[in-house]
Structure formats: C-alpha cells, structure tokens
Protein chains: 2
Amino acid sequence: MKTPFVEGDEMEAYRIKPGCRLALKRFDPDDTGAYKKNEDGKAKAKAAAAELIAALDQMQERLYANGTRALLIVLQGMDTSGKDGTIRSVMSGVNPQGCKVVSFKTPSAEELAHDFLWRVHQKAPAKGLIGIFNRSHYEDVLITRVHGWVSDKVVKRRFDQIKEFEELLTESGTAILKFFLHISKDEQKERLEARICDPEKRWKWNSGDLEERKLWDDYMTAFEEVIAATSTDQAPWYIVPANRKWYRNLVVAEVVVQALAAMKLSTPPAPKGVNFKKLKIT
Amino acid sequence: MKTPFVEGDEMEAYRIKPGCRLALKRFDPDDTGAYKKNEDGKAKAKAAAAELIAALDQMQERLYANGTRALLIVLQGMDTSGKDGTIRSVMSGVNPQGCKVVSFKTPSAEELAHDFLWRVHQKAPAKGLIGIFNRSHYEDVLITRVHGWVSDKVVKRRFDQIKEFEELLTESGTAILKFFLHISKDEQKERLEARICDPEKRWKWNSGDLEERKLWDDYMTAFEEVIAATSTDQAPWYIVPANRKWYRNLVVAEVVVQALAAMKLSTPPAPKGVNFKKLKIT
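About the thresholds
- Residues numbered from 1 in each chain as written.
- Chains lettered and ligands numbered in written order.
- Predicted model: local features only at pLDDT ≥ 70, side-chain atom pairs only at ≥ 80, totals over all residues.
- Heavy atoms only, no water.
- Pairing = 2+ DSSP bridges.
- Helix = DSSP H or I, 4+ residues; strand = E, 2+ residues; numbered from the N terminus.
- Axes fitted to C-alpha atoms, helices over the stretch in contact; angles between N-to-C directions.
- Contact = heavy atoms within 4.5 Å.
- Parallel < 35°, antiparallel > 145°, perpendicular 65-115°, else oblique.
- Left-handed = near helix turned anticlockwise from the far one by under 90°.
- Nonpolar A, V, L, I, M, F, W, Y, C, P; charged D, E, K, R; others polar.
- Expected span 1.5 Å × (residues − 1).
- Buried < 20%, exposed > 50% of the residue type's maximum accessible area, 1.4 Å probe, protein only.
- Buried area = accessible area lost by both parts, 1.4 Å probe.
- Salt bridge = Lys/Arg side-chain N within 4 Å of Asp/Glu carboxyl O.
- Least-squares fit on C-alpha atoms with pLDDT ≥ 70 in both.

(A) A look at the sheet that holds strand β1 (residues 70–77) of chain A. All names here are of chain A. Strand order in this open sheet of five strands is β2-β3-β1-β4-β5, and the pairing throughout is parallel. Looking along the sheet, the strands with just one partner apiece sit at the ends: β2 (99–103) and β5 (237–241). For this sheet, the mean angle separating the axes of adjacent strands, direction not counted, is 20°. In terms of strand pairing, β1 meets strand β3 (residues 130–134) through five bridges, oriented parallel. The partner of L75 across the bridge, within β3, is N134. Running at roughly 160° to β3, helix α2 (residues 83–91) makes contact with β1, β2, β3 and β4 (174–182) of the sheet.

Structure (structure tokens):
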C-alpha cells in the first residue's frame, strides 16, 4: 500500500521525550510547520491531510481485517481546543465499524465507587479497532488536581498507575497515541466569543467553561507535569499546535498514519486447513 | 437544511406492512428501481447515493447536537449479503463520534445465562446517536430456529417479546429501521466463489458459510415469518434488493435520510438563563 506521508519523522518536534521537563511556553500554538500562515499554506495543508485521511481509511480496513492489533488515540485539551472537531475532521471517512469513540463525562456514582481506571479499561479498543478517547483517564490528574479534589500525593501515584495501565495495553498489542491540543488563551477567547455572538452556536455555550478559563495557568502547569511524567516511547504525548484547525488536523492525521504504517500489516492469511483448489459451491 | 431526496415515498415498495403475509419470491433481488441495469444507471444511482450520504452527515450532526432522539438501524441478511459493505459504504463519512456499530457474534457464556434481549438492550443507542446492529436479536429467531435449537413455541413468543422491546425503544425516542439485505442464491454463489478465487479475499473465507448455504430455503422461510410478524409502523422492515451493491446502498441511504428528516430537528436552543448580551470573556 502506498503511504503518502513523507519518510522521516516531521512530527518528532511535537513528541515529548520520556523523562524531560516540559515548558508549554516553548511550544507555539500558532505553529504551522512547513506551511505558510496564509490561504496558500492552508490549501496545501488541507490537500496533504486529505491524502493522509484517505490512507487512514485503507489502513484501518487492514487493521480490522487482521484483528491482531489495536490503536488507542487519547485527546486532551482545554475547552474549545477542538477535540470534537479533530475527531470529526480526521476520522469521518473511516468505516465506523472499526472505530469507537468514547467521550468520558463526569463519572457516575457506580464509576466513582471504583478505582479511576475501572471505567476507562472497559472502553479500551478490542483488537482490530481504533479507539478514540475524547477526554480520558487524564482528567483524573487534571481537573481533579486543579480544583484540589485530590492530593498531590495521590496524583503522583496516579502517574505511575497510568503508566502501568498503558504498558499493559501496549504489551497486549495496542498502540497508544496521546494528543494535547494546544491553543492559546487568546484563541480560546475568540472561540468562546463566537459561541456568544453566533446564534447558531449558542447551544454549545456552557457557563462552566468560563470558570475553568479562570484557572488557565493552573491547567497549563498540571498539563506540563502530567505530560512530562507519562510520555513514554510506547505511549507518547504529542503537543499539537491547535490554533489553526487545518494544521492541527494535519499533525494528528500524520501521526496516526505513521503509527498504523509502523504496524506493517498486510492482507490477513487465508484460514488454515482449507484446500481452496478443491472447494466447490453448489 | 436541504434534503436532496425526492418528496414522496419511493421506498414504500420495499417496506413491509404490518400484519401481511410475506413471500420473498415476490421481491426481486436484482431490482434496481428507477435506475437502468447498466453503467449509466449505476453511475446515476451512485451520484444520488453520494448526495444522500452528504445529507446524512449533516443530519447526524444535528441529531447529536440535539441529543433528544436516537436512530437504530438493524441489518440482517444471509452470509455475503453485504452487511459490512453497507455500513462501510453508507456510514463512512459520518462522524464516528455519533455512530456506534455493534456486531453481534456467538453469545458468551454470560450472555447465554440471560434472556436473549439482555445483551442487545445494553447496546441500544443513547440519545443523539445512530446505532447500527450488524446482526441483532433477530439471530435468536433465525439461526436458532433453522437449526432447531429452540422450539417453534419459543420462537413465536420471542416475536412478541421483540415487538414489545422495540416498542419500548421507539416510545423512548429511538426510531428503528430494519433492513433485510436480499440477495439471490446465485449471487451468493458468485460472492463465495470470489473469496475462493481471489487470494486477496481468501481471509474472509469461513467454511461454516457453506453449511448455512445448504439451509437456504429454511432461512428464507424463517425470514419471511419473522419479518411479517415484527414489521410495525414504528419499527418497519425493508426488503432491500441487494444483488447490486450500488442499488442496495442507495435504498438504505434514502430510507435512513427519510427517517432522520422526519424527526424535523433544528439547531438546538441556547441554554436557558444565560444573558448572552452581557457575557464578557476576559
């Protein structure tokens, strides 16, 4: 199968190496990589993304047919950072039979009566599938921490528990990719204002978003710490420049396609013990 | 929103009216409706389907945004009738966040320890979603009956239980559409032979399919009875001519789009109690 992306690893700049300190300030949410910040750059990036998305559909079909591996995509980011939009833009076009999206909301009473990974583990993708977590177990070391609902000691312990949980998944055949959709505080302001001004978008308004916005700096610190602590070779975090949706989509699509290509899946073998030459349908 | 399908009800011919006897022989699997059985007809049908599928994506977005209704699509048919292909062709392009496909396989020990609707009920689509059942609770009155694993008395009781279950769903806001993908026995022969001859398709081979093929007539009788017994105004069955994939896709897409259009969903209202004119983001 032809893989349209450039050989090499253009996206390496966004991947967080294990064991490094992370300063989000050093990552520009406005970054557009090799593409110009104008209509021409946008058009070229969109064309490149379209090629990747077409390849993704093919690769997912093969993933499903083989049923030997899975891919888990974790999406995190501030409100309005584009988690829903990324799913819509990158994953529409993929056969929904092989793609399961799970949105983690406020935990139910039953979920709260279990450890924080209980509900998440149940939703891990089966072999053959792409699973997408729209928010995830990382909320349990982000919103909970910023609001002081859990102690720092518990949070640090959870970092280890998360790494061990993800290691269990990767050792069982699931590739894991974690994306932090990185927007600036100004960009969030614009997106929230759009929800206020455009009557067609008002239904998306959630006054709680304003409360979380007040805690912006605390969130950035919490993200920096958790990303640095939990980015591993097997389950890396990517800081995705997300002020421009077209570049955000391109980065996510390319990383996903690279991960699927790295699985080197081919057409599944024919079932054993069947003599195809002698088979006859009557 | 513009709905591209023709006003009226072209698909009525395929819908099974409640309380009627059904003879599958009177439905031609080769039927292509208003489209010619040549390359020109195929191209026109594909263009019409593409328009419907684009509309479907928009309508699904609205379904998801409103979160007040759900749509359940049930796909049944003989092996190779195109259940997977229909999902792939009609539902690729739809945002997977709003679309959940469930493939019902051989029940697990835990599932068998419950009534036959237990596992199915758990997978009913939540409000806002399109749920697709690739096989369904109908297997429990089809394969089980043809093989004599359950008595006719139990099967007849299950017809009522299915109707009551589906009524519960429809009264709770879920529209239900049930499709029997109708292929001829000759067409199945060709499709099975393709899996034998084409090495790229051999992985799909399942020797069990040949065993079921021997029971073709029994299956047709079982389908006739269950479809006649469980087609209701709220949860109708459609007999989809499925020898030609392009017409099958068109029929399913049109029925689905009609069902979503009938919900008459608009942009959801803005949250109450918010004074949008006074809101200010800092």
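(B) Geometry of the packing of helix α6 (residues 152–171) of chain A against helix α9 (residues 216–230) of chain A. All names here are of chain A. Where α6 contacts α9, the axes come no closer than 10 Å and their chain directions differ by 40°. Comparing their axes, α9 and α6 come out oblique. As α6 packs across α9, the resulting crossing turns out to be right-handed. Judged by residue contacts, K156, F159, I162, K163 and E166 of α6 engage E225, V226, A229 and T230 from α9. For the contact of α6 with α9, the per-class residue count stands at four nonpolar, one polar and four charged.

(C) The arrangement of helix α10 (residues 245–262) of chain A in detail. Residues and elements named next belong to chain A. For α10, which comprises 18 residues, the first-to-last C-alpha distance of 26 Å matches the rise-based estimate of 26 Å (1.5 Å per residue) to within 8%. The buried fraction of α10 amounts to 15 of the 18 residues, a majority that puts the element mostly inside the structure. Two residues or fewer after α10 comes K264, characterised by a positive phi angle close to 50°.

(D) Highlighting the side chain of S136 of chain B. As for its position among the elements, S136 of chain B is in the loop between β3 (130–134) and α5 (143–146). Look at S136 of chain B and you get buried, because its relative accessible area is 0%.

(E) Local environment of the interface of chain B and chain A. The interface is formed by 41 residues belonging to chain B together with 41 residues belonging to chain A. Carbon and sulfur atoms make up 59% of the surface buried where chain B meets chain A, a total of about 3700 Å² over both sides. Joining chain B to chain A, the criterion identifies four salt bridges. Put simply, the parts of the chain that give the side of chain B that touches chain A at least two residues each are α1 (39–66), α2 (83–91), β2 (99–103), α7 (185–197) and α8 (208–214) of chain B. Looking at which element gives the most residues to the side of chain B that touches chain A, the answer is α7 of chain B, with five residues. Its residues placed into classes, the side of chain B that touches chain A shows 21 nonpolar, nine polar and eleven charged.

(F) Examining the relation of the copies chain B and chain A more closely. Once turned by 180° and shifted 0.0 Å along the axis, chain B lies on chain A with an RMSD of 0.0 Å. Taken together, these values place the two copies in the relation of a two-fold axis. If distances are taken from each C-alpha of chain B to the rotation axis, the shortest is found for G93 of chain B, at 2.0 Å. A symmetric contact is evident, with 100% of the interface residues of chain B recurring at the interface of chain A.

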